[in-house]
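Analysis of the macromolecular model
Each chain, letter by letter, is given below.
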Amino acid sequence: MDIRITPKRMRGAVTVPPSKSVAHRMIISAALADGVSEISNLYPSVDILATMDCMRALGAKVDFKDDKAVIEGIKKVPDKAVLDCHESGSTLRFLIPVACALGINAEFIGSAKLPQRPITPFTSEFPKHGVAFDFGKAENGCSLPCSISGKLTAGRFEIDGSVSSQFITGLMLALPLLDGDSEVVLTSALNSKPYVDITLGVLCDFGCDISQTESGYFIKGNRKLKPFSGSVEGDYSQAAFFRVANALGSELEINGLNKNSLQGDKIIEDICESYTAGGCKPFDIDCSDIPDLVPILTVLACFCNGKSRLTNVARLRFKESDRLAVTAECLNSIGGKVTVLEDCLEIEGVETFKGGEIYGHNDHRIPMSMAIAATRCESPLIIRGAECVRKSYPDFFDVYKTLGGEIEIL
C-alpha cells in the first residue's frame, strides 16, 4: 500500500493499542499454565497472531475473539511441531527454549528478515544441555529454517546480555518447566533490561517467582504456572508516536496507559516534556534500554536547536531492516540531517522537512515515524509500502485519519 500524507497537525483523543511485549508473555505463560486463563485487551497484530498460532502448534487451546483470548494450557505435548514465527523476533526467541524444555522436535520457520536475525546464544549453550540444532535447510548463514531435537536439561546457562534481552526472557519462560534448578549467568551487561522486568512481572502474575543474583537470575525447576486472567496494558512504544506528535505541535489526548508500567519506553513522557519545557534543546540519550524508540526519537531530534545524539544503537542494524541506515535515509531524503556512526546516530536540527517520497522497508516503525514527520513537512509525503505497519499496529493509518490526518491511498 502506497499513501500520500498532506501535512497537517492532529487533534483529538486516541487510545493506544495494548502492549505487544506484555501480550506475547501473557499468551505464552497462559499456554504453559495448568488450567484456563483469560486475557483481554489483545490486539490482532501479525506478531501476536504468530505467537497464538505457535502455542496452538505446541498443544495449547487458544480461542481468540474480539479482543479476548481464552487459553487452556498444554495438556499433551505433540511429538513434532512446525512453528511459523512470521517476522516476529520475540516469538522465535521466546519459543525456542520453550519447545526445547517441552522436548518437542520442532522446526522453526520465518519470513522477511527474521531468518537473518541471530539465535547464537541458544546455539552455543543448548547443545551443552541435551539439544541439537539442524540448519540443513537454511541458506547463506541464516538461522532459519532450523530444527531442534532433544529435551533441555537444567543447569548453568551463560548468555551474552548485549545481543537481545529476548534470549533471557525465553529462558525465564522455559527453565521453570525443567527437572531441576537453573542459573542464567550474564557474560556482559544486559541491554533492554526493562523488557526482562516485564517478563518477571508477568511470570509473577502466573505464580512463578525468579530470583535475581549478582551475575544474573536463579530459576527454580519443577514449577507449573498457575492460570491467570487479566488485561494487557497500553503500549508506550506505540504511544510514543502520538507523544512526539504533540511535542511537534499536534494536540492529542493519549489514553489507555498504565502510569505504573514496567515498560522502559515509558521514558518517552519525560523526554518529550523536557523537549517542550526546555525550548527544544538537543539531547544525548543512551538507547540501550529503549531500542524501539530510536526512529521516532530521531524525528524529534530533527527539530532540536543543535546536535542531538542517540547512543548504544548498533544492534538496531538487525531489526526488520537496518533500522539505523533506513531511519537516516528516510529523514535525510526529506531534509533531515542524520549521520549514522558505529554505535550512534547524530542529528542536526532543522527548521522543517520538505516532503517527498520514502519507502517503508518492510519495517513497521519506519512508516509510523515518518507519518509523524509528515506533520512538519512543507509539502506532501509519499510512503511506499506503508502496509508493513500490520506487524504491530494494523489500523495505525485509520487512527491517524480519525485524528485529522489527511491520507490518500495511491
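Structure: see above.
Residues numbered from 1 in each chain as written. Predicted model: local features only at pLDDT ≥ 70, side-chain atom pairs only at ≥ 80, totals over all residues. Heavy atoms only, no water.

**What about the sheet that holds strand β8 (residues 132-134)?**
For the record, the criterion: Note on pairing: DSSP must find at least two bridges between two strands before they are called paired. Where helices and strands are cited, they refer to DSSP runs of H or I of at least four residues and of E of at least two residues respectively, numbered from the N terminus. What counts as an axis is a line fitted to C-alpha atoms, over the stretch in contact for a helix, and the angles between N-to-C directions run from 0 to 180 degrees.
Read across the sheet, four strands follow the order β6-β7-β9-β8 without closing on themselves; strand pairing throughout is mixed. Strand pairing shows two members of the sheet lacking a second neighbour, β6 (80-84) and β8, which therefore form its edges. Along the sheet, successive strands turn relative to each other by an average axial angle of 20°, direction set aside. The pairing of β8 with strand β9 (residues 146-149) spans three bridges and is classified as antiparallel.

**Description of the nonpolar core**
Here is the rule we go by: Residue types Ala, Val, Leu, Ile, Met, Phe, Trp, Tyr and Cys, when buried and joined through side-chain atoms within 4.5 Å, form a set referred to as a nonpolar core. Working definition: with a 1.4 Å probe on protein chains only, accessible area under 20% of the residue-type maximum means buried, over 50% means exposed, and in between means partly exposed.
Counting 70 residues, the largest nonpolar core has Leu 58, Ile 96, Val 98, Phe 108 and Phe 126 as the members making the most contacts within it. No other element matches helix α3 (residues 89-102), which puts nine residues into this core.

**Some remarks on unusual backbone geometry**
Cis geometry marks the peptide bond from Leu 144 to Pro 145, where omega comes out at -5°. Position of Pro 145 among the secondary structure elements: in the loop between β8 and β9. Located in the positive-phi region is Cys 280, a residue other than glycine, with phi close to 65°. Relative to the helices and strands, Cys 280 is located in the loop between α8 (268-277) and β16 (284-286). Taking relative accessible area as the criterion, Cys 280 reaches 24% and is therefore assigned partly exposed.

**Re the sheet that holds strand β1 (residues 3-6)**
Basically, it comes down to this: Contacts were defined at the residue level, with two residues in contact if any of their heavy atoms lie within 4.5 Å.
Ordered by their spatial adjacency, four strands build an open sheet running β20-β21-β1-β22, and the pairing between neighbours is mixed. Where the open sheet ends on each side, the last strands, each with one partner, are β20 (356-359) and β22 (406-409). Taken pair by pair, the neighbouring strands of this sheet meet at an average axis angle of 25°, ignoring direction. Bridge count between β1 and strand β21 (residues 381-384): three bridges; the pairing is antiparallel. Residue Ile 3 lies in a different strand from β21, and its bridge partner there is Ile 383. Those strands touched by helix α11 (residues 365-373) are β1, β20 and β21, and its axis lies near 175° from that of β21.

**Thoughts on the packing of aromatic side chains**
Selection rule: For Phe, Tyr and Trp, where Trp contributes only its six-membered ring, two rings pair if their centres lie within 6.5 Å, and the inter-plane angle classes them as stacked under 30 degrees, edge-to-face over 60, or tilted in between.
If you walk through the whole model with that rule in mind, you get 15 aromatic pairs. When the ring of Tyr 43 is compared with that of Tyr 393, the centres are 5.9 Å apart and the planes differ by 85°; the resulting orientation is edge-to-face. One end of the pair, Tyr 43, is in the loop between β3 (36-40) and α2 (46-57); the other, Tyr 393, is in the loop between β21 and α12 (396-402), with 350 residues separating them in the sequence. For the residue pair Tyr 43 and Tyr 393, the accessibility class agrees, reading buried in each case. Ring geometry for Phe 126 against Phe 133: centres 6.4 Å apart, planes inclined by 35°, an arrangement best described as tilted. The two residues Phe 126 and Phe 133 agree in class, both being buried. Among the aromatic residues, those joined into a ring-pair cluster are Tyr 43, Phe 241, Phe 242, Tyr 393, Phe 396, Phe 397 and Tyr 400.

**Examining the pattern of salt bridges**
For the record, the criterion: Salt bridge, as used here: a side-chain nitrogen of Lys or Arg that lies within 4 Å of a carboxyl oxygen of Asp or Glu.
Using the criterion set out here, one finds 25 salt bridges in the structure. Residue Arg 156 pairs with Glu 158 through a salt bridge whose shortest N-O separation is 3.0 Å. The class for Glu 158 is partly exposed, based on a relative accessible area of 35%. Arg 365 is the salt-bridge partner of Asp 292, the closest N and O atoms lying 3.4 Å from each other. Within this pair, whereas Asp 292 is found in the loop between β16 and α9 (294-301), its partner Arg 365 is found in helix α11, the two being separated by 73 residues in sequence.

**A word on the environment of Gly 155**
By secondary structure assignment, the location of Gly 155 is in the loop between β9 and β10 (156-159). Gly 155 sits in the partly exposed class, given a relative accessible area of 22%. For the pair formed by Gly 155 and Ser 274, sequence separation is 119 residues and the distance between their alpha carbons is 46 Å.

**Brief notes about the pairing of β1**
Where burial is concerned, the two faces of β1 differ: the one with Ile 3 and Ile 5 is buried and the one with Arg 4 and Thr 6 is not. Bridge analysis of β1 against β22 gives four bridges, and the strand direction is antiparallel. Of the residues in β22, the one forming a bridge with Arg 4 is Glu 408.

**Digging into the side chain of Ser 164**
What counts here: We define a polar contact as two N or O atoms separated by no more than 3.5 Å, with the added condition that, inside protein, one atom must be a possible hydrogen donor and the other a possible acceptor, whereas residues neighbouring each other in sequence contribute only through side-chain atom pairs.
Along the chain, the position of Ser 164 falls in the loop between β10 and α5 (166-174). The exposure class assigned to Ser 164 is buried, which follows from its relative accessible area of 7%. Of the polar contacts made by the side chain of Ser 164, one reaches the side chain of Arg 93; its length is 3.4 Å. Polar contacts involving the side chain of Ser 164 include one to the main-chain amide nitrogen of Gln 166, which spans 3.1 Å. In this structure, Ser 164 is in contact with Arg 93 and Arg 315, ignoring residues within four places of it in sequence.

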